[in-house]
Amino acid sequence: MSDPTGPFEPKIVAFLCRWCSYAGADLAGVSRLEYPPNVVPMRVNCSGRVDAEMVLAALEKGADGVLIGGCHPGDCHYVSGNYKTRRRVALLQRALSEIGIDPQRVRLEWISASEGHKFQRTMTEFIERIRDLGPSPVLAATTKEATGHG
Amino acid sequence: MPAARIGVFVCHCGLNIERTVDTRAVAEALAEHSGVAYVSDYDYMCSDPGQRQVIDAIDEHRLTGVVVAACSPAMHEPTFRRAAEEAGLNPYLVEMANIREHCSWVHRDRDEATAKAIRITKTLVEKVKRNHPLDPVRIDHVDKCLVIGGGIAGIQAALDVAESGFQVILVEKEPSIGGHMAQLSETFPTLDCSSCILTPKMVEASRHPNIELLTYSEVVDVSGYVGNYTVRIRKNPTYVDPDKCNLCGECERVCPESTASEFERGLVERKAIYIPFQQAIPSSYTLDEDTCLGLRPLRCSECAKVCEPNAIDFDMQPEILEEEVAAIIVATGFELYPILNLGEYGAGDVPDVIDGLQFERLLSASGPTGGEVRRPSDGRIAKRVVFVQCAGSRDPKNHNPYCSKICCMYTAKHALLYQHAVPDGEATVFYIDIRAGGKGYEEFIQGAIEEERIRYLRGKVARIYRDGDRVVVWGVDTLSGKRIELEADLVVLAMSMNPHPSTEGLAKALKISCGGEGFLKEAHPKLRPVESLTAGIFVAGAGQGPKDIPESVAQGSGAAAKAIGLLAKEKLIHSPEVVSIDEEICGGCGVCVGMCPYNALSLNGAGVAECNEVLCEGCGTCVSACPTGAAQLKNMSDSQIREMIEVALADV
């Protein structure tokens, strides 16, 4: 599928909390709401489980964008995990921009179990955004580095 | 660890998956993946022969793990985990790859969808390769159930749980149980007298040996977890000993202070010492300290002076009771949308513009007018009554966006009962649509329109104002397109339903969520309508969404059945996918302790973190915060996630 000579197709990883965003993605499915297939979803119990290392690992392994989906503020199944994620993501985005990675490549969204449409919209918009930003510079840089040393 | 032998089972789901995903190609791609020992694809994996394939393959191919690439884990994870258990494989070594909801149903291009399905399935193979067999955590529980709210839903729930032999604590905020149903005159569509069908249930709830009734009481806070919640309840002082009070009513007669009666919805006043209504349970007086001149005997104490049985005790104090319960049923009910928000309908300005519950009191034989429809301003019999449906409902711009569901029915009932009470009266109903879904409901409305000759006008009322002693209603008949101006003696607004104002605070205390409109949120809108997302907490009645009496009763019984199912278990099972601490790595910094919303983590005597598996809910917030990586979520460790990310992004 990933033809290096073809047009750029973003690769995206989405960490979705089990109770809200993953269920919202399920609802998008049940409602047959179409969106581009560039994203591989992964279920975590809580958006609070998502740490910076996971996001950085995804970028390092070739993700052009990472989406984190959690419950709306006040609705976290685990009381307050989403607030912690919000702070972590804000810090991470600042750190990313300092090392020359567009912070828009990491996005945090609140999507409830009843928001299938929001899931569809978020995915569609995010994929388009990443398409506009172009391929992530991370993989290219790490490959170059590896070759340089190799 | 022996080499992984993973079985991958790809489901066609009829054409649901197969139409957009080449399931054979997925199976073939996975067959090449490291650690995969067996693949197959089949029409319906969840069917009996499908599950049989999984069971047989586990046995024949000595599988160490299973990935079923099919629908959402929310759907069939339990199904396949049970099947694996039957084959002797630990159920926590089974994972679902969601290639239906997250893939075949949302994409169109078959090649792209197939490639994505392969990636998704590979992530789960990488996960399950590193899963550990786990045993569910078994916990003891107490044998009591708490029901919050003594309206019809709560009463029904309490009776059902009590009847099955378990102890119930029924907490009601008001001085009497009965809720809004006690205020109603007659009920649609059968026109049963509301108190005649409610009062026996109230009495039964108060006399049942398994029910402890706590009225004038509120839940203050809740801690613990399913099976073992600790609840603190504040019992407010009524200043009257219900065991001594003989309901003679002398206290009420001599009491000099009055305030608007809550039960009669302000149509009349009540004294500071009062009984909310004649059939109130418990049948005892309550002294409302906000209205009383002062609880000190020197201030007034007229009531105490005339009380022969000496039931009045000015020194009564609020009590805080602590109770252990296994399950909690939340049945907090509704309140009408504040009528004062409808200034355009003259609410607050025109005394003869009233809400539906006030009209119930006017119709009720035990009400302030003895069932005669006399208007509040001058007590005259109302000869022309206009009923306005959707008052505050279905108006996303100004009021509630949702339909309150019961107003079409009760308005038809109001108009019909009014016509019975005032045969020469004129009833007009303004409606937007008529929604009468329910057994005998449509027939009831048609009967009201055709047999009782009630005038139904389709249109919205724009404005209601006072002109002398008349009330003027401006509206539009949208069927004829004509502007309408009506004179009325009385206007009844079919007010929208709101969740009871206490709902939000209580939901926070219980750690359950409310939807956008503030109603209690159920775990699944279709398949789990009486459960909250928090184990052991159930919802029932109009606090969950606008509903009528039969639905409230059904939900009360449904919530009770769920609670009974939990209470009847010898031990409760808790997911073992919780946090574990590697003591070798933990530096004892304690960051995780502060992160945990359940107080599951603590530093032990050895200065390292320790996780209480019973309290841990497995959110993993502490894992993300742990600076050393000592805290890991079982079967969702950092290293598992790293491997999953790698295959998610690798070329297929």
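My aim in this report is to walk through the structure given alongside it, one point at a time. Keep in mind it's a predicted model, so treat the numbers as computed, not measured.

## Some remarks on the sheet that holds strand S21 (residues 384-391) of chain B
Residues and elements named next belong to chain B.
1) Next: If you walk across this open sheet you meet the five strands as S20-S27-S21-S22-S23, and the pairing is parallel. The open sheet has two edge strands, strand S20 (353-355) and strand S23 (455-458), and neither has a second partner. When the angles between neighbouring strand axes are averaged without regard to direction, this sheet yields 25 degrees.
2) Next: The pairing of S21 with strand S22 (residues 426-431) spans five bridges and is parallel. Each residue of the ladder has a partner; that of Val385, found in S22, is Ala427.
3) Next: With respect to the sheet, helix H10 (residues 356-363) is in contact with S20, S21 and strand S27 (490-495), its orientation differing from that of S20 by roughly 90 degrees.

## A word on the interface of chain A and chain B
Often the size quoted for an interface is simply the accessible area lost on bringing the parts together.
1) Next: Taken together, the contact pairs 46 residues of chain A with 50 residues of chain B.
2) Next: For the pairing of chain A and chain B, the buried interface totals around 4000 Å² over both sides, and the portion due to carbon and sulfur atoms is 58%.
3) Next: Where chain A touches chain B, the interface holds five salt bridges.
4) Next: Taking the shortest distance from any N to any O, the salt bridge between Arg49 of chain A and Asp638 of chain B comes out at 2.9 Å.
5) Next: At the boundary of chain A with chain B, the tally comes to 20 residue pairs in polar contact (both at pLDDT 80 or more).
6) Next: Elements with a contribution of two residues or more to the side of chain A that touches chain B: strand S1 (12-17), helix H1 (21-30), strand S2 (39-44), helix H2 (52-60) and helix H3 (81-98) of chain A.

## Considering empty space enclosed by the protein
1) Next: This model, assessed by the stated rule, comprises eight cavities of 30 Å³ or more.
2) Next: The calculated volume of the largest cavity comes to roughly 300 Å³.
3) Next: Breaking the lining of the largest cavity down by element, the ones donating at least two residues are S2 of chain A together with helix H3 (73-86), strand S4 (94-98) and helix H5 (110-129) of chain B.
4) Next: Split by residue class, the lining of the largest cavity holds 12 nonpolar, five polar and eight charged.

## A short note on the environment of Thr534 of chain B
1) Next: Within the element layout of this structure, Thr534 of chain B appears in the loop between helix H13 (503-510) and strand S29 (537-539).
2) Next: Beyond its immediate stretch of four places on either side in the chain, Thr534 of chain B contacts His77 of chain A together with Tyr229, Lys511 and Ile512 of chain B.

## Looking at the sheet that holds strand S11 (residues 217-225) of chain B
All names here are of chain B.
1) Next: Strand order in the open sheet made by the three strands is S11-S12-S17, with antiparallel pairing throughout. Each edge of the sheet is formed by a strand with only one pairing partner; in this case those strands are S11 and strand S17 (319-325). Shown here is a sheet whose adjacent strand axes are inclined to one another by a mean of 20 degrees, direction ignored.
2) Next: Strand direction decides the pairing type here: strand S12 (residues 228-235) and S17, joined by seven bridges, are antiparallel. Among the inter-strand pairings, Val231 is bridged to a residue of S17, identified as Glu323.

## Let's talk about the nonpolar core
1) Next: By size, the foremost hydrophobic cluster in this structure holds 141 residues, and its most contacted members are Leu146, Ile328, Ile329, Phe359, Ile464, Val491 and Leu493 of chain B.
2) Next: With 92 residues, the next largest nonpolar core counts Met54 of chain A together with Leu93, Leu601 and Cys626 of chain B among its residues.

## Observations regarding H13 of chain B
Owing to its 3.6 residues per turn, the α-helix aligns residues three or four sequence positions apart on the same side.
Residue and element names in this part refer to chain B.
1) Next: Buried within H13 we find Thr503, Leu506, Ala507 and Leu510. Projected down its long axis, H13 shows its buried positions confined to an angular sector of 100 degrees, all on one face. Projecting away from the buried face of H13 at angles above 90 degrees are the exposed residues Glu504 and Lys508.
2) Next: Packing partners of the buried residues in H13 comprise strand S6 (144-148), S11, strand S18 (327-330), strand S28 (497-499) and S29.
3) Next: Immediately beyond the C-terminal end of H13, within one or two residues, lies Lys511, with a positive phi of roughly 60 degrees.

## Some points on a negative patch on the surface
1) Next: Taken together, the side chains of Asp582, Glu583, Glu584 and Glu610 of chain B define an acidic patch exposed on the protein surface.
2) Next: With respect to the helices and strands, the residue Asp582 of chain B is situated in the loop between strand S31 (579-581) and helix H15 (591-595).

## Describing the pairing of strand S7 (residues 167-171) of chain B
Residues and elements named next belong to chain B.
1) Next: Among the five residues that make up S7, four are buried, leaving the element largely enclosed by the rest of the structure.
2) Next: As judged from the five bridges shared by S6 and S7, these two strands associate in the parallel manner. Within S7, the residue paired with Leu146 across the bridge is Ile169.
3) Next: The parallel pair S6 and S7 is bridged by helix H6 (residues 152-163), and the resulting crossover is right-handed.

Thresholds applied
- Residues numbered from 1 in each chain as written.
- Chains lettered and ligands numbered in written order.
- Predicted model: local features only at pLDDT ≥ 70, side-chain atom pairs only at ≥ 80, totals over all residues.
- Heavy atoms only, no water.
- Pairing = 2+ DSSP bridges.
- Helix = DSSP H or I, 4+ residues; strand = E, 2+ residues; numbered from the N terminus.
- Axes fitted to C-alpha atoms, helices over the stretch in contact; angles between N-to-C directions.
- Contact = heavy atoms within 4.5 Å.
- Buried area = accessible area lost by both parts, 1.4 Å probe.
- Salt bridge = Lys/Arg side-chain N within 4 Å of Asp/Glu carboxyl O.
- Polar contact = N/O pair within 3.5 Å; in protein donor to acceptor, adjacent residues only side chain to side chain.
- 1 Å grid on protein atoms, 1.4 Å probe; cavity = no way out; pocket = protein on both sides within 12 Å on 5 of 7 lines; lining within 4 Å.
- Points joined across faces, edges and corners; volume = space filled by probe spheres on them.
- Nonpolar A, V, L, I, M, F, W, Y, C, P; charged D, E, K, R; others polar.
- Core = buried A, V, L, I, M, F, W, Y, C linked by side-chain atoms within 4.5 Å.
- Buried < 20%, exposed > 50% of the residue type's maximum accessible area, 1.4 Å probe, protein only.
- Arc of directions from axis to C-beta.
- Patch = residues over 30% accessible without salt bridge, like charges linked within 9 Å, V, L, I, M, F, W, Y side chains within 5 Å.
- Areas by Shrake-Rupley, 256 points an atom, 1.4 Å probe, with all protein chains shown as cover.
- Lys, Arg positive; Asp, Glu negative; His and termini not counted.
- Charge placed at Lys NZ, Arg CZ, Asp CG, Glu CD.
- Right-handed = clockwise from strand over helix to strand, strands pointing away.

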